[in-house]
Amino acid sequence: NEEEESATIPHPVRVLMSSRFMSLLSDRVCAVGGGGSGGSSHQQTTGKSHSTLCILSDVTSGWDVLEKNGAVAFAKSTYKEEEEVSENNGHTLEQSKKLVKEIQIIAMDLALHSSDESNKADAKFQAKLRCATGCAALLSALSLQLLKCGKKIPDDDTSDNYDDDDDDNDDVDEEIHEATSDLVNITKDLLRIVDEGLSAVVSEGGDKDGSDEEDEENMPLATLADLCVTSLSGSLASCKLTREMVKVAWSGGLAVASAVAPASSNQDVDDTNYLVDKHVMEVLLSSVCDGKSMEEEGKEAEGDDADESDDEGIDGEEDDDGNIFSTANASELDLDESMDREEDGKNISRKKCEDKKENEDESDEELDPERLQNLLLEDSDADLSEGEDGQLEHHAGADKALAQLIKMKQDARKAGQNEREKVELSNRLRCLVLLETLFSYSNSLKGTLVPTDVMLMSLLPLLRSRRVLEKTVLSPPDEKKGHVLLSEKKALMEHLTSLLKNKICKTRATAMGSTNGQSIVDIAMEDVFCEARRSLSAAHCQCCSASLVLILKALPQPADAIKFDTVYQTAVQEWSTRQTTRLNVCLFDDLLTKLPSIGKALLVSPIAIAAKESPKTYLKSESFRLMSSIFSNASNSESEESYCIEALKSSTHDALTAIEQALKSGELLKAKRARDVLKASEHVVSFICRHGLLDISLQKTMDSLLEQYKALSKSSPSAGVKQICAKLAEDVGSELEKKQVEVGKPKSALNPTTPKSSKKKKKSKKK
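Residues numbered from 1 in each chain as written. Predicted model: local features only at pLDDT ≥ 70, side-chain atom pairs only at ≥ 80, totals over all residues. Heavy atoms only, no water.

J.: Go over the overall build of the chain, please, and point to the residues and values.
T.: Broken down by element type, the chain carries 35 helices and two strands. Contacts spanning at least 24 positions in sequence make up 78% of the contacts within the chain whose residues lie at least 6 apart. Within the structure as shown, the chain displays about 39900 Å² of accessible surface, and the carbon and sulfur contribution to it stands at 49%. (Helix = DSSP H or I, 4+ residues; strand = E, 2+ residues; numbered from the N terminus. Contact = heavy atoms within 4.5 Å. Areas by Shrake-Rupley, 256 points an atom, 1.4 Å probe, with all protein chains shown as cover.)

J.: Tell me what's going on with the pattern of salt bridges, and back it up with residues and numbers.
T.: Taken as a whole and judged by the stated rule, the model has 20 salt bridges. Across the pair aspartate 64 and lysine 97 runs a salt bridge whose closest N-O atoms are separated by 3.0 Å. Here aspartate 64, found in helix 3 (residues 42-68), pairs with lysine 97, found in helix 5 (residues 93-112); they are 33 residues apart in sequence, far enough to count as distant. Here glutamate 660 ties to lysine 664 by a salt bridge, and the two come within 3.0 Å at their closest N and O atoms. Here glutamate 660 pairs with lysine 664, and both are found in helix 32 (residues 652-665), just four residues apart, close to one helical turn. The exposure class assigned to glutamate 660 is buried, which follows from its relative accessible area of 14%. Within this structure, Asp64, Glu67 and Lys97 form a network of salt bridges that share partners. (Salt bridge = Lys/Arg side-chain N within 4 Å of Asp/Glu carboxyl O. Buried < 20%, exposed > 50% of the residue type's maximum accessible area, 1.4 Å probe, protein only.)

J.: Which residues make up the packing of aromatic side chains, and what values do they have?
T.: For any pair of aromatic rings, geometry is given as the distance between the ring centres together with the angle between the planes. A full pass over the atoms with the stated rule returns three aromatic pairs. Ring centres 5.5 Å apart and planes at 70° place the aromatic pair tryptophan 575 and phenylalanine 588 in the edge-to-face group. Placement of tryptophan 575 in helix 27 (residues 565-577) and of phenylalanine 588 in helix 28 (residues 586-594) is noted, with a sequence separation of 13 residues between them. On the basis of relative accessibility, which here comes to 0%, the residue phenylalanine 588 falls in the buried class. Aromatic pair phenylalanine 631 and phenylalanine 687: ring centres 5.5 Å apart, planes at 70°, arrangement edge-to-face. Residue phenylalanine 631 is located in helix 30 (residues 617-631), and its partner phenylalanine 687 is located in helix 33 (residues 671-691); the two are separated by 56 residues in the primary sequence. (Phe/Tyr/Trp six-rings, centres within 6.5 Å; stacked < 30°, edge-to-face > 60°.)

J.: For the confidence of the model for the chain, give the residues involved together with the corresponding values.
T.: Predicted confidence across the chain gives a mean pLDDT of 75, with 68% of residues reaching 70 or more. The low-confidence segment residues 379-388 (pLDDT under 50) makes 14 contacts with residues lying over four places distant or belonging to another chain. This model gives residues 745-767 a pLDDT under 50, and the stretch forms zero contacts once residues within four places in sequence are excluded. (pLDDT = per-residue confidence, 0-100.)

J.: Can you explain the environment of leucine 144? Please cite residues and give values.
T.: Along the chain, leucine 144 turns up in helix 7 (residues 123-144). Look at leucine 144 and you get buried, because its relative accessible area is 1%. Sequence separation of leucine 144 and valine 59 is 85 residues, and the distance between their C-alpha atoms is 8.3 Å. When residues no more than four places from it in sequence are discounted, the contact partners of leucine 144 are Met22, Leu25, Leu56, Val59, Thr60 and Leu241.

J.: Would you mind going over a negative patch on the surface in detail, with residue names and values included?
T.: Residues Asp171, Glu174, Glu178, Asp182 and Asp226 make up a contiguous surface patch of negative charge. For the negative patch, the element with the most residues is helix 8 (residues 159-196), which contributes four residues. Its location among the elements puts aspartate 182 in helix 8. (Patch = residues over 30% accessible without salt bridge, like charges linked within 9 Å, V, L, I, M, F, W, Y side chains within 5 Å. Lys, Arg positive; Asp, Glu negative; His and termini not counted. Charge placed at Lys NZ, Arg CZ, Asp CG, Glu CD.)

J.: Any details on the environment of leucine 99? Residues and values, ideally.
T.: Mapped onto the elements, leucine 99 comes out in helix 5. In this structure the C-alpha to C-alpha distance between leucine 99 and leucine 183, which are 84 residues apart in sequence, comes to 9.6 Å.

J.: Go over the state of the cysteines, please, and point to the residues and values.
T.: The full count for this structure, using the stated rule, is zero disulfides. For cysteine 431, which is in no disulfide, the shortest distance to another cysteine sulfur is to cysteine 228 and amounts to 9.3 Å. Judged by relative accessible area, which is 1%, cysteine 431 ranks as buried. A disulfide-free cysteine, cysteine 586 has its sulfur positioned 4.1 Å from the sulfur of cysteine 541, the nearest such atom. Judged by relative accessible area, cysteine 586 falls into the buried class, the value being 8%. (Disulfide = S-S within 2.5 Å.)

J.: Break down the packing of helix 29 (residues 596-613) against helix 31 (residues 642-650) for me, citing the residues and quoting the values.
T.: At a minimum axis distance of 9 Å, the contact between helix 29 and helix 31 shows a crossing angle of 25°. One element, helix 29, and the other, helix 31, form an angle in the roughly parallel class. In terms of crossing hand, the pair formed by helix 29 and helix 31 is left-handed. Contact with helix 29, carried on its side by Ser597, Ile598, Lys600, Ala601 and Val604, involves Tyr643, Cys644, Ala647 and Leu648 of helix 31 and no other residues of that element. Tallied by class, the residues present in the contact of helix 29 with helix 31 amount to seven nonpolar, one polar and one charged. (Axes fitted to C-alpha atoms, helices over the stretch in contact; angles between N-to-C directions. Parallel < 35°, antiparallel > 145°, perpendicular 65-115°, else oblique. Left-handed = near helix turned anticlockwise from the far one by under 90°. Nonpolar A, V, L, I, M, F, W, Y, C, P; charged D, E, K, R; others polar.)

J.: Outline a nonpolar patch on the surface, supporting the account with residue identities and numerical values.
T.: There is a patch of nonpolar side chains on the surface, built from Ile9, Val13 and Met17 and spanning about 240 Å² of accessible area. Positionally, isoleucine 9 belongs in the loop between helix 1 (2-6) and helix 2 (11-31).

J.: Account for the nonpolar core, naming residues and giving values.
T.: Grouped together as the largest cluster of nonpolar side chains are 176 residues, with contacts concentrated most on Trp250, Leu435, Leu438 and Met627. Counting residues per element, this core draws most heavily on helix 7, which supplies 13 residues. (Core = buried A, V, L, I, M, F, W, Y, C linked by side-chain atoms within 4.5 Å.)

J.: I'd like a rundown of helix 2, residues and numbers included.
T.: With 21 residues, helix 2 should cover 30 Å at 1.5 Å per step; its first-to-last C-alpha distance of 30 Å lies within 8% of that length. Listing the buried residues of helix 2 in full gives Arg14, Met22, Leu25, Ser26 and Val29. Angular distribution of buried residues about the axis of helix 2 spans 105°; they occupy a single face of the element. Set apart from the buried face of helix 2 by more than 90 degrees, the exposed residues are Pro12, Leu16, Met17, Arg20 and Ala31. (Expected span 1.5 Å × (residues − 1). Arc of directions from axis to C-beta.)

J.: Help me get a handle on the packing of helix 2 against helix 12 (residues 240-260), residues and values and all.
T.: Helix 12 packs onto helix 2 with a crossing angle of 25° between their chain directions and a minimal axis gap of 8 Å. As judged from the angle between their axes, helix 2 and helix 12 are roughly parallel. Of the residues in helix 12, those touching helix 2 at Met22, Leu25, Ser26, Asp27, Val29 and Cys30 are Lys240, Leu241, Glu244 and Met245. Taken together, the residues of the contact of helix 2 with helix 12 sort by class into six nonpolar, one polar and three charged.

What follows is the structure, given as structure tokens:
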């Protein structure tokens, strides 16, 4: 019979052969570049996708040829009468294969016409080709997962486990059928969008202007993003081939999005013309960020203080142990103290842990849950006294048994929680590749794929998620969670750092000119600065700094950044005066490096104040270093914006006053600190001389600086400092002489003429 025929090859051997086949097929696909990113050229990536599709099509076609020639799949021998019941929304195995074949034919037909010269230069045709081949490759990979190695014939002892395996396999098959049907519809909609425009799908699904929220969420690219996330984080993710083909299909969807996206980065372009909208970003962010990071700011702030308790707490099943813990408290059992002593004992030496393991056999009986509960429920040794005290009397073993029972339940629940967290981290790390591909593709197209408002909405959740992970990584490792969980959190944190700094923040942000766009920029600036104030390390502050630069790039005009002067003034004041601040100097360095004109205009005044009022010598030295960067290369007005030059001119008096105080105080006269002050002084004096800003109010300060330079050029133990001071003294002295000459010329010209004219007047009167 069929069961005997399926048993000709033992089931474990079939499982091993099936796993090995899928592994080799995945390696073959990866070797031809099936998982190529969006950063490579379109023709090269399309060629790789087509090669991948050819390989998978050959396998699926071979499957059909074998069945036509009489071969019987092992999986079918176990279906029998259940075959008709295993339908999912009307889609059986044969129907799914027909759907896959339909998309494969479309992709192959497009590939045949790709060699035409007219199609090589047609961006829309190339987008259709890449979309069709990518989705067909994923459909082929899903169909291959329906190739089963059969089911093990159940024994009497394993009949329960056999039924559970049947249910799991049926669930996977149903998920594959659903994904196949959805992906076919998505592919057709995306191809229609390329031919007929976005209105072709909007007219059927609803308005794209936000009037129909549900239809907007069901746009093809948002549905494709949801399907990719499900495939990377669900039961389908167990197959490496499927994971690789998800990347190919996602790249195909992005190719369509780039083909229909506006070619211009004009600020007046309507965001509804983009396929990558807020719903696509929400799907991707929810798969990468934890739940708390996606909450509103107020809720996140409330939970910020409870992070430590959340790390130690256990999700769910709180009511189950409520009576146990209350009973333990009633019996005055100090569990925390005993558990702390036990943890301390573990940390003292590993030898004690080994000694405990040697005695496991003796403690197994005592840790048996049933015996522990029976011991707690024994009535023979626990009688309620009717005496004067009315207290509960029981033997001492009940307290020990209660503590052990509580600890066992805690350990079991924590182990389950750690396992769930490990799976969640693995899924988040897999889904992160979708965001990386999106922004890599956008960077290759010079930022015309993702709207600026959608890009800005991704910053805060990613920054919050990175901070939560960093908090765990920087804390002392927990023995119970193990190094594997810690390493996965660190890997996810590093990927988030790379995504923020190297992809998102390097994307070209289009200017947002509307009133709504301005409010989005303002809110994003405020939120990211709040996140920077919660930074746990300089690395996290650098991510916040890169995000702030991206936000400033979204302004319609660079001069509009002046409205954030109060924000940066507060930040500089906090950095220079508060001892417990978490703001890092990289916030200001990055701004001066990447946006020089905006950075100088925003920072010149608060930095000059910080150089005078900062209570620490190191912070004063850093302020003078920043001041040097601000005034360097600022003497040439052609290289700077007008608003920047005006801001520098208005702050020269404060800058000179800070330099004068620093040289007089003597706390910055050491060679290591003095160089920052003298370098800043050199650039400030040069700026004043080039722009002719020396007036009466600055002349007195310059005279004082001249005396300080002369004194340092003689008394400083550093030869370098002496040389710099001598040069500064010469420059300042010559500038003061020029000013005196300019002031003195009118006086010398007026003095001889005045008496002559008076004499003439007198003589004329006499006449």
